[in-house]
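Below are the chains, spelled out letter by letter.
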Amino acid sequence: MDNRQAIGSWLSGPRAAMEDAGADFGYRGEQLGLPEEGPNSLARPGRRLGAIAVDWALCLLIAYSLITHGYDQGTGNWALAVFFVMSALTVGTIGFTPGKRLFRIRVVALETGTVNPLRALLRTFLLCLAIPALVWDRDGRGLHDRLAKTVEVRV
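The rules behind the values
Residues numbered from 1 in each chain as written. Predicted model: local features only at pLDDT ≥ 70, side-chain atom pairs only at ≥ 80, totals over all residues. Heavy atoms only, no water. Helix = DSSP H or I, 4+ residues; strand = E, 2+ residues; numbered from the N terminus. Buried < 20%, exposed > 50% of the residue type's maximum accessible area, 1.4 Å probe, protein only. Contact = heavy atoms within 4.5 Å. Areas by Shrake-Rupley, 256 points an atom, 1.4 Å probe, with all protein chains shown as cover. Phe/Tyr/Trp six-rings, centres within 6.5 Å; stacked < 30°, edge-to-face > 60°. Lys NZ or Arg CZ within 6 Å of the ring centre and 35° of its normal. Salt bridge = Lys/Arg side-chain N within 4 Å of Asp/Glu carboxyl O. Polar contact = N/O pair within 3.5 Å; in protein donor to acceptor, adjacent residues only side chain to side chain.

Thoughts on the overall build of the chain
Secondary structure assignment for the chain yields 8 helices and 2 strands. Seen in sequence order, the chain has helices and strands lined up from the N terminus as α-α-α-α-α-β-α-α-α-β. Every one of the 155 residues in the chain was classed for burial, and the buried ones make up 34%. At a minimum sequence separation of 6, the contacts of the chain that also span at least 24 residues come to 60%. Accessible area of the chain: about 9400 Å², with a carbon and sulfur share of 64%.

This is the structure in structure tokens:
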């Protein structure tokens, strides 16, 4: 192995190094029983980040214009409160937020396929803490999704 291969394996991460060594991890979502591509497959990180950016911008706009009437120190906190209420209500009833709908993503429970309001409340609370959303498993699900037993899939 020359230096380029050693550096390349280090930059691509442990998963790629293990796959080069012959380990078969399958595709993301295979352990959950989801298809590899198309509808009901696991939503990719780019779509999920785009959806949360749209949702956050919408909540910031609501807090800016309706609650604080301009930008001050409390606008971000109010935006987080609006995000919590919006996400808990919309995910718990229809399965997606406005940003998720725009990016064609929905949240489903692994056992039943629909998210009940209590599960959506737990998921949203953990999402607002931010740290659980930054810890992912090998399927690409955040810790908030694992604890709530949900998954974000493509529509």
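Some words on the packing of aromatic side chains
Taken as a whole and assessed by the stated rule, the structure comprises 1 aromatic pair. Seen from the ring of Trp-136, Arg-48 lies directly overhead, with NZ or CZ sitting 5.0 Å from the centre. Seen from the ring of Phe-96, Arg-101 lies directly overhead, with NZ or CZ sitting 5.3 Å from the centre.

Brief notes about the pattern of salt bridges
Side chains bearing opposite charge may pair, as long as their charged atoms lie close to each other. Counted according to the given criterion, the structure contains 9 salt bridges. Note that Glu-37 and Arg-44 form a salt bridge whose closest N and O atoms lie 3.6 Å from each other. Residue Glu-37 is classed as exposed on the basis of its relative accessible area of 53%. A residue is classified by how much of its surface remains accessible, and Arg-44, at 34% relative accessible area, is partly exposed. As a salt-bridge pair, Asp-137 and Arg-141 come within 3.8 Å of each other at their nearest N and O atoms. Assigned by exposure class, Asp-137 and Arg-141 land together as buried.

Some points on the side chain of Asp-145
By the element assignment, Asp-145 lies in helix H8 (residues 143-148). Separated by 2.6 Å, the side chains of Asp-145 and Arg-123 make a polar contact. Not counting residues within four places of it along the chain, the set of residues in contact with Asp-145 comprises Arg-123, Thr-150, Val-151 and Glu-152.

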